Amino acid sequence: MKTTSIKAWAMTATALCLVSCATPNSTAYQEDVQKVLAASFRAEGQAGMDRLTTDEANRLCSEADYKGKPLSDKQSEKIRTDNFKTIQWPKNNQFIGDYKQGEVIAQDGRGKTWSDKEGSVNGGNCYNCHQISKTEISHGTLGPSLYNYGKLRGVTDVNSPNAKPIIDYTWAKLWNARGYNACSNMPRFGHNGILTETQLQHLMALLLDPKSPVNQ
Ligand code: HEC
């Protein structure tokens with residue numbers, strides 16, 4: 001083919017695509033991706049087909065990603081408000097557990113896969129994205145470092161009223177990170193039933209207890 005005819009062909013193809021071709025950032029392409037996923041994924045163990053169903057926040061945030069167009073302020077605000085409303089506060093106002101157990105949960109990356117037994121306890125997988133205790137040198141960096149988390153925020157006594165705002169914020173963030181950050185990449189641990197209230201209390205202690213290695 002001569003260069004001119006290649007050019008002419010490419011121009012015609014581009015013109016046609018403006019009408020109907022699915023490009024990676026188009027809705028049609030994403031719909032095709034969903035079809036491929038649905039056809040190639042099979043339910044096994046606790047990983048059911050419902051994993052492919054996304055809620056409004058996931059849908060809007062993915063759309064913003066593939067279209068390269070950030071959410072509007074109004075959309076972000078709605079996602080934050082809707083997600084904040086889902087937060088369940090701990091019974092008996094008990095926010096803080098045992099930091100030693102918190103470290104074990106933060107280290108544990110198991111859970112929610114087809115090879116995990118039904119009803120098995122999930123880990124928090126926190127080190128996958130965060131630095132936390134100084135002694136653990138293998139950690140991801142997708143999230144900010146949480147080393148000295150409580151200390152840097154002035155928590156010297158978890159029972160002091162001064163600590164209350166940061167305790168509330170941290171609980172809410174762990175329960176449903178989208179309550180503060182519409183398209184947060186952090187799993188919604190409480191909201192999606194990944195971690196239990198008791199596990200969250202232990203993680204709170206890991207981050208906030210002045211005796212925790214995180215705050216040494
Ligand atoms: C898949 C990655 C990922 C995992 C796993 C993850 N996080 Fe995060 N986390 C993030 C990101 C990204 C941010 C920053 C964006 C945001 O605030 O939503 C964040 C923010 C936070 C914050 C707020 C920090 C601040 O200064 O406001 C806390 C607290 C936190 N994570 C704790 C945890 C704990 C505890 C775990 C484990 C139970 C965990 N994260 C697991 C990605 C992750």
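This write-up is about the structure you can find in this document.

Rules of the game
- Residues numbered from 1 in each chain as written.
- Predicted model: local features only at pLDDT ≥ 70, side-chain atom pairs only at ≥ 80, totals over all residues.
- Heavy atoms only, no water.
- Near = heavy atom within 4 Å.
- Polar contact = N/O pair within 3.5 Å; in protein donor to acceptor, adjacent residues only side chain to side chain.
- Helix = DSSP H or I, 4+ residues; strand = E, 2+ residues; numbered from the N terminus.
- Nonpolar A, V, L, I, M, F, W, Y, C, P; charged D, E, K, R; others polar.
- Donors = N, O, S within 2.8 Å, 3.2 Å for Na, K, Ca; no water.
- Tetrahedral: all angles 85-135°; square planar, octahedral: opposite > 155°, others 65-115°.
- Buried < 20%, exposed > 50% of the residue type's maximum accessible area, 1.4 Å probe, protein only.
- Phe/Tyr/Trp six-rings, centres within 6.5 Å; stacked < 30°, edge-to-face > 60°.
- Lys NZ or Arg CZ within 6 Å of the ring centre and 35° of its normal.

1. Quick word on the site of the ligand
(1) Moving on: The ligand sits among 23 residues. The nearest are C126, C129, H130, Y169 and M186.
(2) Moving on: At a separation of 2.4 Å, an oxygen atom of the ligand approaches a polar side-chain atom of Y169.
(3) Moving on: At a separation of 3.0 Å, an oxygen atom of the ligand approaches a polar side-chain atom of N181.
(4) Moving on: Ranked by residues supplied to the shell around the ligand, first place goes to helix α7 (residues 164-175) with three residues.
(5) Moving on: Broken down by class, the residue content of the shell around the ligand amounts to 14 nonpolar, seven polar and two charged.

2. Some details on the coordination of the iron atom of the ligand
Angles at a metal have ideal values that depend on geometry: 109.5 degrees with four tetrahedral donors, 90 or 180 degrees with six octahedral donors.
(1) Moving on: The protein atoms that coordinate the iron atom of the ligand are H130 (NE2) and M186 (SD), at distances of 2.0 to 2.1 Å.
(2) Moving on: With six donor atoms in place around the iron atom of the ligand and angles of 86 to 179° between them, the coordination shape is octahedral. Placement of the pair is H130 in the loop between α5 (99-107) and α6 (149-152) and M186 in the loop between α7 and α8 (197-208), with a sequence separation of 56 residues. Take H130 and M186: they sit in the same class, and that class is buried.

3. Concerning the packing of aromatic side chains
(1) Moving on: Summed over the entire model, instances satisfying the criterion amount to five aromatic pairs.
(2) Moving on: Taking the centre distance of 5.7 Å and the plane angle of 85° together, the rings of F95 and W171 count as edge-to-face. Here W171 lies in helix α7 and F95 lies in the loop between α4 (73-85) and α5, a separation of 76 residues in the sequence. The same class applies to F95 as to W171, namely buried.
(3) Moving on: Relative to Y180, the ring of Y169 has its centre 4.8 Å away and its plane inclined at 65°; by these criteria the two rings are edge-to-face. With Y169 in helix α7 and Y180 in the loop between α7 and α8, the pair connects residues that are eleven residues apart, well separated along the chain.
(4) Moving on: A network of ring pairs unites the aromatic residues W89, F95, W171 and W175 as a single cluster.
(5) Moving on: Here the basic side chain of K134 rests over the ring of Y147, its NZ or CZ set 4.8 Å away from the ring centre.

Taken by themselves, the reported measurements are silent on function.
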